[in-house]
Each structure stands twice: as C-alpha cells, then as structure tokens.
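Breakdown of the fold
Spelled out, the chains give:
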Amino acid sequence: MRYSGFRILKEALTGHKGWTPAWRDPEPQASYDYVIVGGGGHGLATAYYLAKEFRQARIAVLEKGYLGGGNVGRNTTIIRSNYLLDGNEPFYEFSLKLWEGLEQDFNYNAMVSQRGIINLIHTDAARDAATRRGNAMILNGADAELLNRDQVKAMYPFLNFDDARFPIKGALMQRRGGTVRHDAVAWGYARGADSRGVDLIQNCEVTGMRIENGRILGVETSRGFIGAKKVGVAVAGSSSRVMAHAGMRLPIESHVLQAFVSEGLKPLIDGVMTFGAGHFYVSQSDKGGLVFGGDIDGYNSYAQRGNLPVIEDVIEGGMALMPMLGRARLLRAWGGIMDMSMDGSPIIDRTPVEGLYFNGGWCYGGFKATPASGWCFAHLLARDEPHPTATAYRFDRFLKGLMIDEKGQGATPNLH
Amino acid sequence: MIINHPILGPRDAQEFVYLGDASLIQRPDGMTASIEAFHDYTYLRDNSAGPHRELWYHEQGDRSWLVVTRNTLTHEILKVELARDVARAEGRSR
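Residues numbered from 1 in each chain as written. Chains lettered and ligands numbered in written order. Predicted model: local features only at pLDDT ≥ 70, side-chain atom pairs only at ≥ 80, totals over all residues. Heavy atoms only, no water.

A look at unusual backbone geometry
All names here are of chain A. For clarity, the threshold we go by: To qualify as a helix, a DSSP run of H or I must reach at least 4 residues; to qualify as a strand, a run of E must reach at least 2; elements of each kind are numbered from the N terminus. Only protein chains enter the accessibility calculation, which uses a 1.4 Å probe; a residue is then buried when its area is under 20% of its type maximum, exposed when over 50%, and partly exposed in between.
The phi dihedral of Met111 falls on the positive side, at around 55°, and the residue is not glycine. Positionally, Met111 belongs in the loop between α3 (89-106) and β4 (117-121). According to the relative accessible area criterion, Met111 is partly exposed, its value standing at 33%.

Following this line, the structure appears as structure tokens:
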C-alpha cells in the first residue's frame, strides 16, 4: 500500500478499514541468498537498498527481538555531516544526501527536519579548528558556515555567553544538519524492504554460524538453521558477541552511552547545539522535550543502562551552557550499547570467512550514518567491493597504521 | 558502582580511571613478538558479555592498579584484586 494524502482522505471517508499492516511476519525459509543479521536501522537499510538498488534476490533480516528495538530507538536522532577527514566526510555527506531524499524514496514520513546544527567555539584555537573543518566539509560538497558571537546570540540569546571558563565566541554551523524521527527510520526501511520481498524475521536470535572450509553456509538461530550464500552482520553494540560465532575477535569494546529527555517545554531550541568543551549536546523534540546527552560511561557494558556519575556530569555541562535548564525537570534517562572501535571510526568490510561480511564499530555516531551504512553495506554484499565512500572502513587499517582519527587524538586504543 | 578495594575498602568507582581488559597485563615481548602479535594485543578485545576481568586505576586514591571482575550484563562486581598480585601470579617479576 502506498501512503499519500489521497489515501488518508479515502480512509477517513471509509472508516479506516483499508489500512493493512506495514510489513508481513513470515516464517523463515530454509535458505536465502542474503541473510542480514540485525533488524535495526543499519540492517533494515541494508536489506532495503540491497533489494531496491542492487539485486533481486531472496533476502532475510534476522532480529533477535523486535524490529528497531535496539539502538535505532535509543539515540538522540541527530543527522549531520560535519566531519573533517577524507575517510569520513564523503561517507557522511553521502548519508546526509540520502536523508534528504529518504521520505520520498521509501514513501514514509520519517520527519526529517533540517533545522541546523551548531558546534560552539570558545577559543581562537577552536575557531581555527572549526574553520579547517568547515573548509574540509565544503571541499567535500557539504555546507558549512562560521558564525560569530552575535550571530549565535541572535539564535540562542539565553546561553551563558560570558562563562569564565568557556565563553562563547562563535560556532560552526551546518544548516543541512538536523533531526529525524528515529523509530520511523526503522519502520520506513522495514516497510520498504518488506514490500520488495525481504523476509523480516523477528524473535530470531543467531546462536551460531555454520562455517566449512573457510566458507559460511548459514546461521544457527533460535528458530532453526537458516542457510545463506552470504551473511551480513549489522548488530552494532553486540558485534563482538555475534562475530565470536565465527571465531573472530574485533577491535571493539562495548560501552554504555546515556541519553536524556526533559519534560515537555514550549519551543526554545529550534536547532541542534553541541557544547563539546562541556561534553554536552542538546536539541528539542517536536513534543517539546529537551533531548540531550554527553559522554559514554567509560567502562565495558552490555547493560543498556548507565550510572549516576555520568548523569551528573552531563547535566553539569548543560547547566554551564544554559543555566535555565535547572528549572526543567528530567523526564527520562536511558542507555544504549555502543560498539566503541579503537580509533572511533566504523568498519564495513569482508571478514576472513568467505561469504561473511561485517558492519559495525559505529561508536556513538551510528544513527546519522544509517542510510549510507545500509547503502554501502549492500554495495559490498552485492558486488564484493567497497562503495567508493566507504573504502577506508577496513579491518586491516589497525595493522597497517591507517587509523581514522577523527578526534585528532592519535591512535591510542585507550582513547575511549 | 562501589569497588571494594583490597586495601582501602569500599570506594566509589568515580575515584578510578578505567583501562579495559585485564589481559592487557600480558604484553608481548617488544624485542621478539611479531607485528601481528602486537596488533592483536593493542587493538583486539574479547569484549565479553558476562564476567569481565578489567583494569581500574585508583587515581583519586592510593594510585594502585586493580583487577576487577565485573559482570558487564549487570554491572555487579564479583571480585577485586591488586593488579600487582595478579601479574606476579602470572609470572611477571614486577
């Protein structure tokens, strides 16, 4: 069923009896051409683009829980392409371009809102770094703009501009950045994939991999063995657990990242704001809640919940930036499990097992990458070669010294 | 999280700096080990879900290194040892 204004009108006049479920709930078949492990944003996007852009094939997505029940529903919904390095910026700009056409492409309202993102500047050195980053973005076809203090003040007059430690001197702005309704991204991709014949199999946990003579034959699951010519794993957060079935150790630690939302407030922040020096960022949802976050807790965790010291730390950052925050009440805090890779950048690559492919290591930046991650992973699965924007996301970059150090802090595995 | 320090008793985890998997104690010999062995040591992790032995440094305390066994699924701390004792038990001289 195609969604449109006409359809809503028709259904409204006929008692809403014509709506059908957005996707099927099929039984798994004995084998597929492609099995995607992980029914989150990246896995569903992979299946969608594989079916739509690359080839007609028998494709299944296996999800241990329910579709979109993991990190795609736990992030803070921000999209942007304000990266510096060659290995990253073309990829994230590709992603942002896909976001811009996404709703028309998969015929689903994902509430893509390009409300602009600013990164605050507090020193001359930070302005130099922001200028360099902005120029790198422009060179890669993205948009970037350097704002002075008055321009920031016109947008957000309530910020603490004269803070003794971090006075606000300006900001790097990307107007095409913004927010997206995150659950709708999973639902839109799921519906789009299902309508192109992809089997979305929920409550189906991968419990093993059948590998013979260095080649994958399929996966053992809680719903029986499912054969596959090629298997793509996109389970960021649980990557080490799933890839251990193939005997692989990854350059990844799983960490918990917390996020927060305040009670609903009147319109206050119309864009996205990052206060990197204070380890705090914030936007306002369409329901009015201030959505904000900060650092990871900093220890290995699969618990999907964090501890109080980081909550205190994040909110201190928020109070330093906008003291009025102290008048708002915190509605919810939650945690998601991040694949923290050793250089802070993702991996989309083949593995030593023939027919087994890996997508993960997204750290805390996976949501904005969802469309390009799916597209590039589908490209790799279908054509056995990396997409031109994702050639740097290789496993062997650590061995070869080709780390992608977006933060400029050096290749220290203790970075996180 | 409260870490039950073997010498100082229960201390808040905020006083500590986290390093990661306690297998980092087993550093390959810099004169003889292969590049691949150092790559595996430096970058690859078991990243286990469940009991996890890990290094914590008591920076805001007595500056001792501890090996904490903690369940990464629940954050429950199961065992705390001085890293010095662990390293010696594993055959390191210091």
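With respect to a nonpolar patch on the surface
Residue and element names in this part refer to chain A. The following threshold applies: To count toward a patch, a residue needs a relative accessible area above 30% and no salt bridge. Like charges then connect within 9 Å, nonpolar side chains (Val, Leu, Ile, Met, Phe, Trp, Tyr) within 5 Å. Method for areas: the Shrake-Rupley scheme with a 1.4 Å probe, in which residue coverage is limited to the protein chains shown. Salt bridge, as used here: a side-chain nitrogen of Lys or Arg that lies within 4 Å of a carboxyl oxygen of Asp or Glu.
Together, Met1, Ile8 and Trp19 make up an exposed nonpolar region whose accessible area comes to about 280 Å². You can see Trp19 is positioned in the loop between α1 (5-13) and β1 (31-37). Trp19 gets classed as partly exposed once you look at its relative accessible area, which sits at 34%.

Focus: the packing of aromatic side chains
All names here are of chain A. To keep it simple, the criterion reads: Only Phe, Tyr and Trp rings take part, Trp by its six-membered ring, and two of them pair if their centres are within 6.5 Å. Stacked means planes under 30 degrees apart, edge-to-face means over 60, and tilted covers everything else. Two thresholds decide whether a charge sits over a ring: the Lys NZ or Arg CZ must be within 6 Å of the ring centre and within 35 degrees of the ring normal.
One pass over the full model with this rule turns up 27 aromatic pairs over all chains. Considering the side-chain rings of Tyr49 and Trp375, the 5.0 Å spacing of their centres and the 50° angle between planes classify their relative orientation as tilted. One end of the pair, Tyr49, is in helix α2 (residues 41-54); the other, Trp375, is in helix α9 (residues 370-383), with 326 residues separating them in the sequence. A residue is classified by how much of its surface remains accessible, and Tyr49, at 2% relative accessible area, is buried. In this structure Trp375 comes out as buried when scored by relative accessible area, which is 18%. One aromatic cluster is present, formed by Tyr3, Trp19, Tyr48, Tyr49, Phe54, Phe94, Phe106, Tyr108, Tyr189 and Trp375 through successive ring pairs. Between Arg191 and the ring centre of Tyr3, over which it is positioned, the NZ or CZ distance is 3.6 Å. For the cation-ring pair, Arg210 lies above Phe225, with the distance from its terminal atom to the ring centre recorded as 3.7 Å.

Some details on the environment of Arg241 of chain A
All names here are of chain A. Turning to its location among the elements, Arg241 is positioned in helix α7 (residues 239-243). On the accessibility criterion, Arg241 (35% relative accessible area) is partly exposed. Distance from Arg241 to Ser254, taken between C-alpha atoms, is 9.9 Å for residues 13 residues apart in sequence.

Considerations on a negative patch on the surface
Residues and elements named next belong to chain A. What counts, and what does not: Here Asp and Glu are counted as negative and Lys and Arg as positive; His is not counted, and neither are the chain ends. Every charge is mapped onto a representative atom, which is NZ of Lys, CZ of Arg, CG of Asp or CD of Glu.
Side chains of Asp295, Glu312, Asp313 and Glu316 sit close together on the surface and give a patch of like negative charge. For the negative patch, the leading source of residues is helix α8 (residues 308-321), giving three residues. Positionally, Glu316 belongs in helix α8.

Things to note about the sheet that holds strand β6 (residues 170-174) of chain A
Residue and element names in this part refer to chain A. Put simply, the rule reads: Paired strands, as defined in this entry, are two strands with at least two bridges between them according to DSSP. Axes here refer to lines fitted to C-alpha atoms; in helices the fit is confined to the stretch in contact. Angles between the N-to-C directions go from 0 to 180 degrees. Between two residues, a contact is recorded if the distance between any of their heavy atoms is within 4.5 Å.
In spatial order, the strands read β5-β6-β4-β13-β14-β15-β12-β16; together these eight strands make up an open sheet with mixed pairing. Each edge of the open sheet is held by one strand with a lone partner, namely β5 (145-148) and β16 (330-341). Geometrically, the sheet is characterised by an average inter-axis angle of 25° between neighbouring strands, direction not taken into account. Contacts from α8 reach β4, β12 (252-264), β13 (272-275), β14 (280-284), β15 (289-300) and β16 within the one sheet, and its direction differs from that of β15 by about 135°.

Thoughts on the domain arrangement of chain A
All names here are of chain A. The condition is simple: Residue ranges for the domains originate in an automatic or database domain assignment. Note: buried area is the sum, over both parts, of the accessible area (probe 1.4 Å) each one loses when the two are combined. Three classes are used: nonpolar for Ala, Val, Leu, Ile, Met, Phe, Trp, Tyr, Cys and Pro, charged for Asp, Glu, Lys and Arg, and polar for all others, with Gly counted as polar.
Examined at the domain level, chain A breaks down into domain 1 (24-77 + 183-251 + 346-415) and domain 2 (113-178 + 253-341). With 20 residues of domain 1 at the interface, the matching set in domain 2 holds 19 residues. Taken together, the two surfaces of domain 1 and domain 2 that pack against each other cover about 1,500 Å², and 49% of this comes from carbon and sulfur. By the criterion of area lost to domain 2, the three top residues of domain 1 are Arg74, Thr76 and Cys363, representing 40% of everything that side buries. The tally of links between domain 1 and domain 2 comes to one salt bridge. Residue Arg133 is joined to Glu406 by a salt bridge in which the shortest nitrogen-to-oxygen separation is 3.3 Å. Put simply, the parts of the chain that give the side of domain 1 that touches domain 2 at least two residues each are α7 and β18 (356-360). Among the elements that make up the side of domain 1 that touches domain 2, the one with the highest residue count is α7 (three residues). Of the residues assigned to the side of domain 1 that touches domain 2, the class counts are six nonpolar, ten polar and four charged.

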